[in-house]
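# Analysis of the macromolecular model
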Amino acid sequence: MDKITPVLMAGGSGTRLWPVSRKSFPKQFAPLIGDETLFQASARRLSGPRYADPIVMTNSDFRFIVAEQLEQIGIAPGAIAIEPVGRNTAPAVLAAALMVADEDPERLLLVAPSDHVIPDADEFAAAVALGTGPAREGRIVTFGITPDRPETGYGYLELAGTGKGPQPLARFVEKPDAARAAAMLAQGNFLWNAGIFLFSARAMIQAFRAHAGEYVEPVETALREARTDLGFLRLARGPWERLPDNSIDYAVMEKADNLTVVAYSGRWSDLGGWDAVWREELRRNPSDDGVVADANSTAIDCKDVLLRSDSADLQVVGIGLRDVMVVATGDAVLVADKARAQDVRQAVTAMKKKNRRQAVAFPRDHRPWGWFETLALADRFQVKRIVVKPGAALSLQSHVHRSEHWIVVSGTARVTVDDTVTLVTENQSIYVPLGAVHRMENPGKVPMVLIEVQTGSYLGEDDIIRYEDVYARDSAE
């Protein structure tokens, strides 16, 4: 029997989990629960003998992160498709269906967010197995989560049938208020909408043609005009920009009449806020006082709190706290009532209006060759720590407004400055004058670390003229 093709949606920003999740490095790529990232755990869950290599739908900013995190867990992607602009989930789902239909229109696709926690892998696999029969018959199968509380943060699925096994869907229900959520929980025929779908490529394409025909031609054109770039599939920008910005639920699912629901009763969380992280951690490590505190945090006389710090250099201490969450990173601290977890996105919006970098970016910027972080910044100078992976190289570039002084503190750098190539080892330094064409490479087998001191009238990352780049980036990346 043909394998199911997983489709991992990996383009979201996850603002409700700020400050750990930000636009530049969102929650799916962070190890929020356990040692693996949410994206890696999702990819691993949808791997094995039943599954083909996954299709990942993401954007240009995350393409190298996706590739690196898959490589770390030994999973080869079937395709990493780059959406030129965000248009929600509807066009991404159609694009994946069209890609698979080129090989076999009857093949099944399993579309799933890449930022959910599903620890009960065997039970989830059993739910998928229940859905394969209806999906092969041309049904679109959606997976609903058996609710354990009157949750107001999720949409719901109302079942038309009763009993176990796949059931027909009566209707989608928007996020309810508390009273309505309690009533639906008591009624017993409502499930949380997990946003996980199983269908054949043919069935989904037919559903779009019937209910959202305005998507078909632009997505087909974006695929036809797509280009391969270092193994990534870049969808064409022009037709993609013409697409409506809509979720697959609104575009197709709420209009289709061939939907089947499979209930999943195992553990699940979309980690839609820090209260969800607190709840999931308590499931993993039960505590009589409801305290979740990581290794960098200490709780004294606290109850039902979350204390978290991502750095051993920043200790979080809570004394006498009740129903509070405290989350600290190197450049930001969140302190909030746990009941207000969904309002964290309001803080991100407020910081954006004040042009605070912390709203969208971290001090550490990830690049395909490694990462860098700013240690000090003033009007005319900036100090960075730069880490270059073994065998990696920065682009051949120059700057219009700044010069740079590089000091290697670990490993060896091969440095090009105009026509001169020099090996710079630990405790040695080199100067890059303003306007010089230069490149930094790590020829060794261990990460290379250096301190960069920039001086000049403008220190922004867009002051880069690229001449050669093994990662095919433009000046804005």
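Residues numbered from 1 in each chain as written. Predicted model: local features only at pLDDT ≥ 70, side-chain atom pairs only at ≥ 80, totals over all residues. Heavy atoms only, no water.

### So, the packing of helix H3 (residues 89-101) against helix H6 (residues 201-211)
How two helices sit against one another is set out by the angle between their axes and by the gap between those axes. Rules: The axes used here are C-alpha line fits, helices contributing only the stretch in contact, and every angle between their N-to-C directions lies in the interval 0 to 180 degrees. The helix and strand labels rest on DSSP assignments: H or I over at least four residues marks a helix, E over at least two residues marks a strand, and numbering proceeds from the N terminus. Note on angle classes: values under 35 degrees are labelled roughly parallel, values over 145 roughly antiparallel, values of 65 to 115 roughly perpendicular, and the remainder oblique. In a left-handed crossing the near helix is turned counterclockwise from the far helix by less than a right angle, and in a right-handed crossing that turn is clockwise. We call two residues in contact whenever any of their non-hydrogen atoms come within 4.5 Å of each other.
The interhelical angle for the contact between H3 and H6, taken along N-to-C directions, is 135°, at an axis separation of 9 Å. The pairing of H3 with H6 is recorded here as oblique in orientation. Once H3 is placed against H6, the crossing between them reads as left-handed. When H3 is examined against H6, the residues Ala90, Val93, Leu94, Ala97, Leu98, Val100 and Ala101 are found in contact with a partner set consisting of Ala201, Met204, Ile205 and Phe208.

### Here we look at the side chain of serine 269
Convention followed: Each residue gets one of three labels from its accessible area relative to the maximum for its type: buried under 20%, exposed over 50%, partly exposed in between, using a 1.4 Å probe on protein chains only. Here a polar contact is taken to be a pair of N or O atoms separated by no more than 3.5 Å, where protein atoms must pair a possible hydrogen donor with a possible acceptor and residues adjacent in sequence count only if both atoms sit in side chains.
Following the sequence through the fold, serine 269 ends up in the loop between strand S11 (259-264) and helix H10 (274-284). You can call serine 269 buried: its relative accessible area is 5%. Reaching out from serine 269, the side chain makes a polar contact with the backbone nitrogen of leucine 271 at a distance of 3.0 Å.

### A look at the sheet that holds strand S25 (residues 429-432)
Quick note on the threshold: Pairs of strands are assigned from DSSP output, requiring at least two bridges between the strands.
With antiparallel pairing, the 6 strands of this open sheet are ordered in space as S18-S19-S20-S27-S22-S25. Edge positions in the sheet fall to strand S18 (364-367) and S25, since each has one partner strand and no second. Neighbour-to-neighbour, the strand axes of this sheet turn through a mean angle of 20°, independent of strand direction. Bridging between S18 and strand S19 (residues 370-377) involves 4 bridges; their strand directions are antiparallel. Paired with histidine 366 across the two strands is tryptophan 371, which belongs to S19.

### A word on the nonpolar core
Operational definition: As used in this record, nonpolar core signifies buried Ala, Val, Leu, Ile, Met, Phe, Trp, Tyr and Cys residues forming a set joined through side-chain atoms within 4.5 Å.
Counting 64 residues, the largest nonpolar core has Leu110, Phe143 and Met440 as the members making the most contacts within it. When residues in this core are grouped by element, the largest group, 5 residues, is from strand S8 (residues 190-200). When near neighbours in sequence (up to four residues on either side) are disregarded, leucine 110 contacts Ile4, Thr5, Pro6, Val7, Leu46, Tyr51, Phe124, Val128, Phe143, Ile196, Phe197 and Leu198. Within the second largest apolar cluster, 48 residues are counted, among which are Ala90, Ala101, Phe172 and Val216.

### Points about the pattern of salt bridges
Where charged atoms of side chains with opposite charge meet at close range, the side chains can pair. For clarity, the threshold we go by: Basic side-chain nitrogens of Lys or Arg form a salt bridge, by our definition, when they fall within 4 Å of a carboxyl oxygen of Asp or Glu.
Evaluation of the coordinates by the stated rule reveals 28 salt bridges. With a shortest N-O distance of 2.8 Å, aspartate 331 and arginine 22 are connected by a salt bridge. Note that aspartate 331 is positioned in the loop between strand S16 (324-328) and strand S17 (333-337) and arginine 22 in the loop between strand S1 (5-9) and helix H1 (38-45), a separation of 309 residues in sequence. Two residues, arginine 414 and glutamate 441, come together in a salt bridge whose shortest N-O distance is 3.6 Å. Here arginine 414 is found in strand S23 (residues 412-417), whereas its partner glutamate 441 is found in strand S26 (residues 438-441), with 27 residues between them in sequence.

### Remarks on the sheet that holds strand S14 (residues 305-309)
The strand order across the open sheet formed by 4 strands is S12-S14-S16-S17, and the pairing between neighbours is mixed. Every interior strand has two partners, whereas the edge strands, strand S12 (291-293) and S17, have only one. Each neighbouring strand pair of the sheet contributes to a mean axis angle of 5°, computed without reference to strand direction. In the sheet, S14 pairs with S16 via 4 bridges, with the strands oriented parallel. Bridge assignment links leucine 306 to a residue of S16, and that residue is methionine 325. Those strands touched by H10 are S12, S14, S16 and S17, and its axis lies near 95° from that of S14.

### Here we look at the packing of H1 against helix H2 (residues 63-72)
Rules: Residues are sorted three ways: Asp, Glu, Lys and Arg are charged, Ala, Val, Leu, Ile, Met, Phe, Trp, Tyr, Cys and Pro are nonpolar, and all the rest, Gly among them, are polar.
Contact geometry of H1 with H2 gives a least axis separation of 10 Å together with a crossing angle of 55°. In terms of their interaxial angle, H1 and H2 are classed as oblique. Here the hand of the crossing between H1 and H2 comes out right-handed. Note on element contacts: H2 touches H1 through Val66, Gln69, Leu70 and Gln72, opposite Phe39, Gln40 and Ala43. Of the residues contributing to the contact of H1 with H2, the split by class is 4 nonpolar, 3 polar and no charged.

### Details of the UniProt feature "domain: Mannose-6-phosphate isomerase type II C-terminal" (unreviewed entry) in the protein chain
Definition in use: UniProt positions are given in the numbering used here, feature names are shortened, and annotations may be inferred rather than shown by experiment.
As recorded in UniProt, the sites labelled "domain: Mannose-6-phosphate isomerase type II C-terminal" (unreviewed entry) are residues 357-469. Across residues 357-469 one finds 0% helix and 58% strand; the C-alpha atoms that close the span lie 27 Å apart.

### Section: the side chain of threonine 416
Following the sequence through the fold, threonine 416 ends up in strand S23. We classify threonine 416 as buried; its relative accessible area is 12%.

### Quick look at a nonpolar patch on the surface
Convention followed: Only residues whose relative accessible area exceeds 30% and that form no salt bridge enter a patch; like-charged residues are grouped when within 9 Å of one another, and nonpolar side chains (Val, Leu, Ile, Met, Phe, Trp, Tyr) when within 5 Å. Using a 1.4 Å probe, the Shrake-Rupley method yields the accessible areas, and only the shown protein chains count as cover for residues.
Among the surface-exposed residues, Ile300, Val317 and Ile319 lie close enough to one another that they form a single nonpolar patch of about 290 Å² accessible area. When you line up the elements, valine 317 lands in strand S15 (residues 316-319). Accessibility expressed as a relative area gives 52% for valine 317, which makes it exposed.

### Remarks on helix H11 (residues 344-353)
Which entries qualify depends on this criterion: Directions pointing from the helix axis toward each C-beta atom define the arc.
Within H11, the full set of buried residues consists of Val344, Val348 and Met351. When H11 is viewed along its axis, its buried side chains cluster within an angular range of 65° and face the same direction. In this structure, the buried side of H11 is in contact with S16 and S17. A positive phi of about 60° marks asparagine 355, the residue just after H11.

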